[in-house]
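Residue-level structural notes
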Amino acid sequence: MDDIIELDRKYITATYARLPLHIVSGSGSVAVGADGREYIDMGAGIAVNSFGISDKEWVAAVTEQLGKVQHTSNLYYTEPCVRLAGMLCERTGMDKVFFCNSGAEANECAIKAARKYAAEHKGEEYYNIITLKNSFHGRTVTTLAATGQDEYHTMFKPLTDGFVYAEPNDIEDVRRKLDANKTAAIMFEVVQGEGGVNALSFDFVSGLRDLAREYEVLLIADEVQTGNGRTGKLYGYMNYDVEPDIVTTAKGLAGGLPIGAVMFSRNVSGVYTPGTHGSTFGGNPVCCAGAVNILSRIDESLLEQVRQKSDFIRSAFEGARGVRSVSGLGLMLGLDVEKDAKSVASECLDRGVLVLTAKNKVRLLPALNIPMDLLGRAVDIIKEVCAQS
Ligand SMILES: *Cc1c(COP(=O)(O)O)cnc(C)c1O
């Protein structure tokens, strides 16, 4: 154990069950530990380091902005956030963007927007938001309430009122919840990440689209994890036949700097007016300069590589010993393993590969540009670990 691990135990709240690895540096999909050992990174900081660790082009874009101005407050105009918003709107067809600093904050902003829109168009009693069981939407009191998993709620009640949980992939259950509750919006992840890397079915998402129209409720896609190329499309919803009214994103958008973004379609983009929402750090020029670099590189050819690497991982694990099934989309994949997923993660760490878990799945979220040789080596090691009893 080095010093840092001891000091962390002494001074940092015990909210994280960290693995025994102190990362000091890295390059792309290789992380380097304090003892100089190299690890293949199949987690990318939980889908955050879109182009890996300290990618040169990204570092240059970020440091260039750092040398100009690091923060101005939202009382003034800056270029990087406007450029980023323009890119987001042009590539999604959305109309306007609000910037904040994290996924939970992006979802808070979307929830407030849906409530305000419903209050103005249908009446204040239409405040309910339907989310899905097994979802994850964040750790604030309201986004915890939105999260359809009781285990996250205990000890923190009362949570924000007005959330109703429906069964994923059961469109009749969503209809029942709409009939029973005056509803502002339906909020969903197209692939439930923390809930176990489960993609919603194509038909269910089409069903949500139809119900939203029928009941005049908004659709909010939580793309905090599925966004920014992760699923092999720029945003996860683009794998489906749906156009959400509000899209939230965060994790991978700025390639490793804190950022959250909420995109609004034309019908709802007027919901916020001066003074109705805000964020001190939101739209920070350094984070936005990083995001402009990342987004400009998530082009069709990169997305095609994401899909090919996804197929490679899937076919390597389908039918592999100790692996029951593979779930997810793009480079957001879950392995339903026979062993305890946490012990797979810790054995992989011993063998020089960083993987994540979600429920009892081994979760793989490598950098979008992970080189094939590293990916192949990591897959071989994970396969061996899963096969050993
Ligand atoms: C990670 C995550 C969040 C929370 O994001 P933070 O940046 O940790 O607040 C919300 N929704 C989804 C789908 C996520 O994966």
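Cut-offs used in this document
- Residues numbered from 1 in each chain as written.
- Predicted model: local features only at pLDDT ≥ 70, side-chain atom pairs only at ≥ 80, totals over all residues.
- Heavy atoms only, no water.
- Near = heavy atom within 4 Å.
- Polar contact = N/O pair within 3.5 Å; in protein donor to acceptor, adjacent residues only side chain to side chain.
- Areas by Shrake-Rupley, 256 points an atom, 1.4 Å probe, with all protein chains shown as cover.
- Helix = DSSP H or I, 4+ residues; strand = E, 2+ residues; numbered from the N terminus.
- Nonpolar A, V, L, I, M, F, W, Y, C, P; charged D, E, K, R; others polar.
- Patch = residues over 30% accessible without salt bridge, like charges linked within 9 Å, V, L, I, M, F, W, Y side chains within 5 Å.
- Salt bridge = Lys/Arg side-chain N within 4 Å of Asp/Glu carboxyl O.
- Buried < 20%, exposed > 50% of the residue type's maximum accessible area, 1.4 Å probe, protein only.
- Domains from an automatic or database assignment.
- Buried area = accessible area lost by both parts, 1.4 Å probe.
- Phe/Tyr/Trp six-rings, centres within 6.5 Å; stacked < 30°, edge-to-face > 60°.
- Lys NZ or Arg CZ within 6 Å of the ring centre and 35° of its normal.

1. Focus: the site of the ligand
For the ligand, the full set of nearby residues is Ser102, Gly103, Ala104, Asn107, Phe136, His137, Gly138, Glu189, Asp222, Val224, Gln225 and Lys251. Between Asp222 and the ligand, the recorded distance is 2.8 Å, taken from a side-chain N or O atom to a nitrogen atom. For the ligand, the protein covers 81% of the area, taking 380 Å² as the surface of the free molecule. For the shell around the ligand, the element with the highest residue contribution is helix 5 (residues 103-121), accounting for three residues. Broken down by class, the residue content of the shell around the ligand amounts to three nonpolar, six polar and three charged.

2. Some remarks on a nonpolar patch on the surface
A surface patch of nonpolar side chains, amounting to about 400 Å² of accessible area, comprises Ile4, Leu7, Tyr11 and Ile12. With respect to the helices and strands, the residue Ile4 is situated in helix 1 (residues 3-11). Taking the relative accessible area as the measure of exposure, Ile4 reaches 42% and is therefore partly exposed.

3. Structural notes on the domain arrangement of the protein
Taken domain by domain, the protein holds domain 1 (3-55 + 300-387) and domain 2 (59-297). Distance from the C-alpha centre of domain 1 to the C-alpha centre of domain 2: 26 Å. Both faces considered, domain 1 and domain 2 share a buried interface measuring about 2400 Å² in area, 57% of it formed by carbon and sulfur atoms. Contact with domain 2 buries area across many residues of domain 1, yet Leu329, Met332 and Lys359 alone supply 28% of it, more than any other trio. Between the two partners, domain 1 and domain 2, sit three salt bridges. Its salt-bridge partner being Asp55, residue Arg297 comes within 2.7 Å of it at the nearest N-O pair. When residues of the side of domain 1 that touches domain 2 are traced back to their parent elements, those giving at least two are helix 2 (44-47), helix 10 (300-317), strand 13 (323-329), strand 14 (332-337) and strand 17 (361-364).

4. Points about unusual backbone geometry
Peptide bonds are, in most cases, trans, and in most cases residues other than glycine have a negative phi. With an omega of 0°, the peptide bond between Lys157 and Pro158 qualifies as cis. Turning to its location among the elements, Pro158 is positioned in the loop between helix 6 (141-146) and strand 6 (163-166). One non-glycine residue, Ile46, lies in positive phi territory at about 60°. Within the element layout of this structure, Ile46 appears in helix 2.

5. Quick notes on the pattern of salt bridges
Inspection of the entire model under this criterion finds 23 salt bridges. For Arg176, the salt bridge is made with Asp173, and the minimal N-O distance between the two is 3.4 Å. Note that Arg176 and Asp173 are positioned in helix 7 (residues 171-180) at a spacing of three residues, about one turn of the helix. One connected set of salt bridges, linked through shared partners, spans Asp55, Glu57 and Arg297.

6. Remarks on the packing of aromatic side chains
Scanning all chains against the criterion turns up three aromatic pairs. Both rings, one in Phe136 and one in Tyr152, keep their centres 5.4 Å apart while their planes meet at 55°; by these two values the pair is tilted. With Phe136 in the loop between strand 5 (128-132) and helix 6 and Tyr152 in the loop between helix 6 and strand 6, this pair connects stretches of sequence that are 16 residues apart. The buried category is assigned to Tyr152, whose relative accessible area is 17%. In this structure, Arg297 packs its charged tip against the face of Phe51, placed 4.2 Å from the ring centre.

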